[in-house]
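# Coordinate inspection notes
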Amino acid sequence: MKIISQVTVLLLCLSSPLYGKSRLGEYFLGFGIFRADGGDFVDVKGDSLNLSANSPASDSADFALSFNYGNLEDNATEHSLWSLNLNYVMHFNDIHTSAFMFNPYAGIGLGFMNDASDMILGDDGLTWALQGGSEVAFTDTLSMDFGGSFFGLWKDFAHTDFSVGFGVTWWINEVHGVAIDYDYTFNHEIDYLSLNYLYSWR
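Residues numbered from 1 in each chain as written. Predicted model: local features only at pLDDT ≥ 70, side-chain atom pairs only at ≥ 80, totals over all residues. Heavy atoms only, no water.

### What about the pairing of strand S8 (residues 142-153)?
- The element S8 is largely enclosed, with a buried count of nine among its twelve residues.
- Bridging between strand S7 (residues 125-137) and S8 involves eleven bridges; their strand directions are antiparallel. In the strand pairing of S8, Val-136 is matched with Met-144.
- In terms of strand pairing, S8 meets strand S9 (residues 160-171) through eleven bridges, oriented antiparallel. Within S9, the position partnered with Ser-143 by the bridge is Thr-169.
- Connecting S8 to the next strand, S9, in antiparallel fashion are six residues. (Buried < 20%, exposed > 50% of the residue type's maximum accessible area, 1.4 Å probe, protein only. Helix = DSSP H or I, 4+ residues; strand = E, 2+ residues; numbered from the N terminus. Pairing = 2+ DSSP bridges.)

Structure follows, in C-alpha cells:
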C-alpha cells in the first residue's frame, strides 16, 4: 500500500481542527479525479475522471449513481477503463455518543464495467456490489467515512474482490463541498486516492 501513509497524515491534518456533516441523505453532484497505484505481480498506475450524483430515495435511503472513465498502465502498456454503477444505500441516522454522531449504512449495487486491462475483475460485464460502513459526523461541516465493499461479475462469481477505505468530506457552505477518499483492493493490491468537488443544489 504505497500511498496509505501519506493519505493517513493528510486526513488526520484535515480532521483534527474541524468537525463534520454526513454525505448521506443529501442531494449533490460530484466531479472528481482518481489516482491508482500498486499491484500484486506487476506495477499498476492509472488515472480516471469520476462523475457522481446522489439523491435521497426516502428519509433513510439514497440512490447513488457514478460514472468513471480512465486508464490503467502495467508494464508500460496503457489500457482504457470505464464503469457505470447505481447503488441503493440504506442509512441508520443519528446514533449519538457524547462527542460524535454515527451514521451506519449498508447498500447493494448494480453496474457495468468495460476494463481492457482485465486488472479489476479479470473481465468485462455486468457487476454487483455489497457495501457497508459508517460515517462519523463531528459537526455540521466535516465528516469521516469508514467502510468496505464486496463486488464481482454477474456472469462468473469467481471474479470478485473486496475493498476497504476511508475518507473526509468537508462542506464549505450549504452548496459547495470537497471530499478526499482512499480505498484499497485486496485481490490485486491496488490503492485508489480520489479528490472530489461536491455541488449540492438543495
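### With respect to the nonpolar core
- Core analysis: the largest hydrophobic core is formed by 13 residues, its most contacted members being Leu-72, Ile-120 and Leu-121.
- For this core, the secondary structure elements donating two or more residues are S8 and strand S11 (190-199).
- When neighbours within four sequence positions are excluded, Ile-120 is seen to be in contact with Leu-72, Leu-81, Met-113, Asp-115, Asp-161, His-188 and Tyr-192. (Core = buried A, V, L, I, M, F, W, Y, C linked by side-chain atoms within 4.5 Å. Contact = heavy atoms within 4.5 Å.)

### Concerning the confidence of the model for the chain
- On average, residues of the chain score 85 in pLDDT, and 87% of them reach the 70 mark or higher.
- Segment residues 3-20: pLDDT under 50, and 32 contacts once partners within four positions in sequence are set aside and those in other chains are kept. (pLDDT = per-residue confidence, 0-100.)

### Section: the packing of aromatic side chains
- A full pass over the atoms with the stated rule returns twelve aromatic pairs.
- Centre to centre, the rings of Phe-67 and Trp-82 are 6.3 Å apart; their planes meet at 35°, and the pair counts as tilted. Within this pair, whereas Phe-67 is found in strand S3 (residues 61-74), its partner Trp-82 is found in strand S4 (residues 77-91), the two being separated by 15 residues in sequence.
- Classification of Trp-82 by relative accessible area gives partly exposed; the value is 28%. (Phe/Tyr/Trp six-rings, centres within 6.5 Å; stacked < 30°, edge-to-face > 60°.)

### Examining the pairing of strand S6 (residues 101-115)
- Two elements, S4 and S6, share eleven bridges in a ladder whose sense is antiparallel. Directly across from Leu-81, in S6, lies its bridge partner Asp-115.
- By the bridge criterion, 13 bridges tie S6 to S7 in an arrangement that is antiparallel. Paired with Gly-107 across the bridge in S7 is Gln-131.

### Things to note about the environment of Met-144
- Residue placement: Met-144 occurs in strand S8.
- The class of Met-144 is buried, set by a relative accessible area of 10%.
- C-alpha of Met-144 to C-alpha of Phe-102: the two residues are 42 residues apart in sequence and 9.7 Å apart in space.

### Structural notes on the pattern of salt bridges
- With the rule as written, the count across this model stands at four salt bridges.
- The partner of Asp-37 in a salt bridge is Lys-45, and the shortest N-O contact between them spans 3.4 Å.
- Overall, Lys-45 belongs to the partly exposed group, its relative accessible area being 32%.
- A salt bridge links Lys-155 to Asp-123, with the shortest nitrogen-to-oxygen separation between them at 3.2 Å. Taken together, the residues Lys-155 in the loop between S8 and S9 and Asp-123 in the loop between S6 and S7 connect sequence positions 32 residues apart. (Salt bridge = Lys/Arg side-chain N within 4 Å of Asp/Glu carboxyl O.)

### Some details on the environment of Ile-108
- Secondary-structure assignment places Ile-108 in strand S6.
- For Ile-108, a relative accessible area of 48% puts it in the partly exposed group.
- On a C-alpha basis, the gap between Ile-108 and Asn-87 in space is 5.6 Å, while along the polypeptide they are 21 residues apart.
- When near neighbours in sequence (up to four residues on either side) are disregarded, Ile-108 contacts Leu-86, Asn-87, Tyr-88, Ala-129 and Leu-130.

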